[in-house]
Amino acid sequence: HASQWRLSAGSTGSTEYDPLVNWEAADTDGAGSIGTAMTYSSGVFTFPTTGIWLVEFIASIYTNGTALNEFAIYIETTVDNSTYTSAARGRNNISGTLTPSNTTASFMFDVTDVSNDKVQFVIEYLATNTIVNASTSRSQTLANFIRLGDT
């Protein structure tokens, strides 16, 4: 199994720590997948089958104001379908106004129960003029899900 999802609508402004919503399966210019795709609802991704999954989160962020805004991205997992914890984090700075900065976080998740083992993505940024890149025609802020093998 392998699939890619992208953020279809970005956000502008400061946030403390909210899961990203507005995800869609990548479908542009021959985009492909293998097996059954992830399911998605209200910021939460559910795995189609158990196994060891490589989860990658790549965020593209820029500012239209002050440079050098620090931001962090998180892959959060739950094993009880309720309590999410930070499984991986990426951090970066924005070097200049209108200059996108990309950051990656990845985690190998041992999914043993598809009803309880789930994932969500969070971006934490501090400035009110920070913008998360998103599009329905190309992948800018995205997540990859690749099943590597049995648990």
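Residues numbered from 1 in each chain as written. Predicted model: local features only at pLDDT ≥ 70, side-chain atom pairs only at ≥ 80, totals over all residues. Heavy atoms only, no water.

## Quick notes on the overall build of the protein
When you go through the protein residue by residue, the secondary structure sums to zero helices and 12 strands. Reading the protein from its N terminus to its C terminus gives the helix and strand order β-β-β-β-β-β-β-β-β-β-β-β. Against the globule reference of 15 Å for 151 residues, the protein gives a C-alpha radius of gyration of 15 Å, in line with a compact fold. Put simply, the protein has 151 residues, and 42% of those count as buried. (Helix = DSSP H or I, 4+ residues; strand = E, 2+ residues; numbered from the N terminus. Rg over C-alpha atoms; globule rule 2.2 N^0.38 Å. Buried < 20%, exposed > 50% of the residue type's maximum accessible area, 1.4 Å probe, protein only.)

## Concerning the pattern of salt bridges
For the structure on display, the rule yields three salt bridges. A salt bridge links aspartate 150 to arginine 147; the shortest N-O distance between them is 2.7 Å. Residue class for aspartate 150 comes out exposed when judged on its relative accessible area of 63%. The exposure class assigned to arginine 147 is partly exposed, which follows from its relative accessible area of 22%. (Salt bridge = Lys/Arg side-chain N within 4 Å of Asp/Glu carboxyl O.)

## Focus: the environment of valine 79
Examined against the element boundaries, valine 79 turns out to sit in the loop between strand E7 (70-78) and strand E8 (85-93). Along the primary structure valine 79 and lysine 118 are separated by 39 residues, whereas in three dimensions their C-alpha atoms are 6.8 Å apart. Those residues in contact with valine 79 that sit more than four places away from it in its chain are Phe109, Asn116 and Asp117. (Contact = heavy atoms within 4.5 Å.)

## Some details on the nonpolar core
Ranked by size, the top nonpolar core spans 27 residues in total, and within it Trp23, Phe47, Phe57, Phe121, Ile123 and Phe145 carry the most contacts. Those elements giving two or more residues to this core turn out to be strand E1 (2-7), strand E6 (51-63), E7, strand E9 (101-111), strand E10 (118-125) and strand E12 (142-149). Broken down by element, the residue count for this core peaks at five residues, all from E6. (Core = buried A, V, L, I, M, F, W, Y, C linked by side-chain atoms within 4.5 Å.)

## Side note on the packing of aromatic side chains
Throughout the structure, instances matching the rule amount to 14 aromatic pairs. Both rings, one in phenylalanine 45 and one in phenylalanine 145, keep their centres 5.0 Å apart while their planes meet at 40 degrees; by these two values the pair is tilted. Highlighted residues: phenylalanine 45 in strand E5 (residues 44-46) and phenylalanine 145 in strand E12, separated in sequence by 100 residues. Taken individually, phenylalanine 45 and phenylalanine 145 each receive the classification buried, so the pair is uniform in this respect. (Phe/Tyr/Trp six-rings, centres within 6.5 Å; stacked < 30°, edge-to-face > 60°.)

## Side note on the environment of threonine 39
Topologically, threonine 39 is positioned in strand E4 (residues 39-41). Taking relative accessible area as the criterion, threonine 39 reaches 47% and is therefore assigned partly exposed. With 11 residues separating them along the chain, threonine 39 and threonine 50 place their C-alpha atoms 14 Å apart.

## Digging into unusual backbone geometry
One non-glycine residue, aspartate 29, adopts positive backbone phi at about 50 degrees. Within the chain, asparagine 81 stands out as a residue other than glycine whose phi angle is a positive 60 degrees. The residue asparagine 81 is located in the loop between E7 and E8 in this model.

## Let's talk about the side chain of asparagine 133
By the element assignment, asparagine 133 lies in the loop between strand E11 (130-132) and E12. Looking at asparagine 133, the relative accessible area reads 12%, which means it is buried. A distance of 2.6 Å separates a polar atom in the side chain of asparagine 133 from a polar atom in the side chain of serine 60. Other than its neighbours up to four places away in sequence, asparagine 133 contacts Leu7, Ser60, Ile61, Tyr62, Pro100, Gln140 and Thr141. (Polar contact = N/O pair within 3.5 Å; in protein donor to acceptor, adjacent residues only side chain to side chain.)

## Brief notes about a nonpolar patch on the surface
A surface patch of nonpolar side chains, about 280 Å² in accessible area, is lined by Met108, Ile146 and Leu148. If you trace the backbone, isoleucine 146 turns up in strand E12. For isoleucine 146, a relative accessible area of 31% puts it in the partly exposed group. (Patch = residues over 30% accessible without salt bridge, like charges linked within 9 Å, V, L, I, M, F, W, Y side chains within 5 Å. Areas by Shrake-Rupley, 256 points an atom, 1.4 Å probe, with all protein chains shown as cover.)

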